[in-house]
Amino acid sequence: MTNKKIAHAIEKAGEKTGWKITEFKSNEVIAEKVDGENTISSTVEFSEGHIEFSNNSATSDLRDAIEDELSKEASAH
């Protein structure tokens, strides 16, 4: 899957789970979410189908949503 398709899946997943996704590099985005009085942030780097989060403990909902979006994309083609 191309980086462009992965980036699109991350954006869609962010919309569904309340994460603001900001493009940082062609293969990296910044994900931010307000949780009560706290702001959670993580960089999400992706390349050749591999996705890595800088903050694994607080991003499980986003990670699950990305996996769902990628599965939908893969099954559509």
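See the structure above.
Every chain's residues receive numbers from 1 upward, in the order its sequence appears when written. Predicted model: local features are reported for residues with pLDDT of at least 70 only, side-chain atom pairs are reported and counted for 80 or more only, and whole-chain, interface and lining totals are derived from all residues. In computing side-chain properties, one takes all heavy atoms of the structure into account and sets aside hydrogens as well as water.

Colleague: Lay out the packing of aromatic side chains with the relevant residues and their values.
Modeller: By convention, a stacked pair of Phe, Tyr or Trp rings (six-membered ring in the case of Trp) has centres within 6.5 Å and planes under 30 degrees apart, an edge-to-face pair has planes over 60 apart, and any other such pair is tilted. A full pass over the atoms with the stated rule returns zero aromatic pairs. Any Lys NZ or Arg CZ that is within 6 Å of a ring centre and within 35 degrees of that ring's normal is treated as a charge sitting over the ring. Over the ring of Phe-53 we find Arg-63, and its NZ or CZ is 5.2 Å from the ring centre.

Colleague: Report on the nonpolar core, specifying residues and quantitative values.
Modeller: Here, nonpolar core refers to any group of buried Ala, Val, Leu, Ile, Met, Phe, Trp, Tyr and Cys residues whose side-chain atoms link them within 4.5 Å. Partly exposed describes any residue whose relative accessible area lies between the buried limit of under 20% and the exposed limit of over 50%, with all areas from a 1.4 Å probe on protein chains only and scaled to the type maximum. Residues Ile-10, Val-44, Phe-46, Leu-62 and Ile-66 are the most contacted members of the largest nonpolar core, which totals 16 residues. A run of H or I in DSSP becomes a helix once it reaches four residues, and a run of E becomes a strand once it reaches two; helices and strands are each numbered from the N terminus. Top element by residues in this core is helix α1 (residues 3-17). It accounts for five residues. Contact definition: two residues touch when any of their heavy atoms are within 4.5 Å. Leaving out residues up to four positions away in the same chain, Phe-46 has contacts with Asn-3, Ile-6, Ala-7, Ile-10, Ser-26, Asn-27, Glu-28, Val-29 and Ile-51.

Colleague: Let's hear about the sheet that holds strand β3 (residues 38-47): which residues, and what values?
Modeller: Picture the strands of a sheet paired through backbone hydrogen bonds; they go either parallel or antiparallel. Whether two strands pair comes down to DSSP finding at least two bridges between them. Pairing in this open sheet of four strands is antiparallel, and the strands run β1-β2-β3-β4 from one edge to the other. Lying at the two open borders of the sheet, with one neighbouring strand each, are β1 (20-25) and β4 (50-53). Ignoring which end each strand starts from, the neighbouring axes of this sheet average 25 degrees apart. In this structure, β1 lies alongside strand β2 (residues 28-35), joined through five bridges in antiparallel fashion. Following the sheet pairing, Lys-20 is matched in β2 by Glu-32. Axes here mean lines fitted to C-alpha atoms, for a helix over just the part in contact, with angles spanning 0 to 180 degrees between N-to-C directions. Seen against the sheet, α1 touches β1, β2, β3 and β4 and runs at an angle of roughly 160 degrees to β3. Relative to β4, helix α2 (residues 60-76) is tilted by about 165 degrees, and along the sheet it contacts β1, β2 and β4.

Colleague: Describe the environment of Glu-69, listing the residues and the values that go with them.
Modeller: Mapped onto the secondary structure, Glu-69 falls in helix α2. The class of Glu-69 is buried, set by a relative accessible area of 6%. The spacing of Glu-69 and Lys-12 is 57 residues in sequence and 7.4 Å in space, taken between C-alpha atoms. Setting aside residues up to four positions removed in sequence, Glu-69 forms contacts with Ala-9, Lys-12, Ala-13 and Lys-16.

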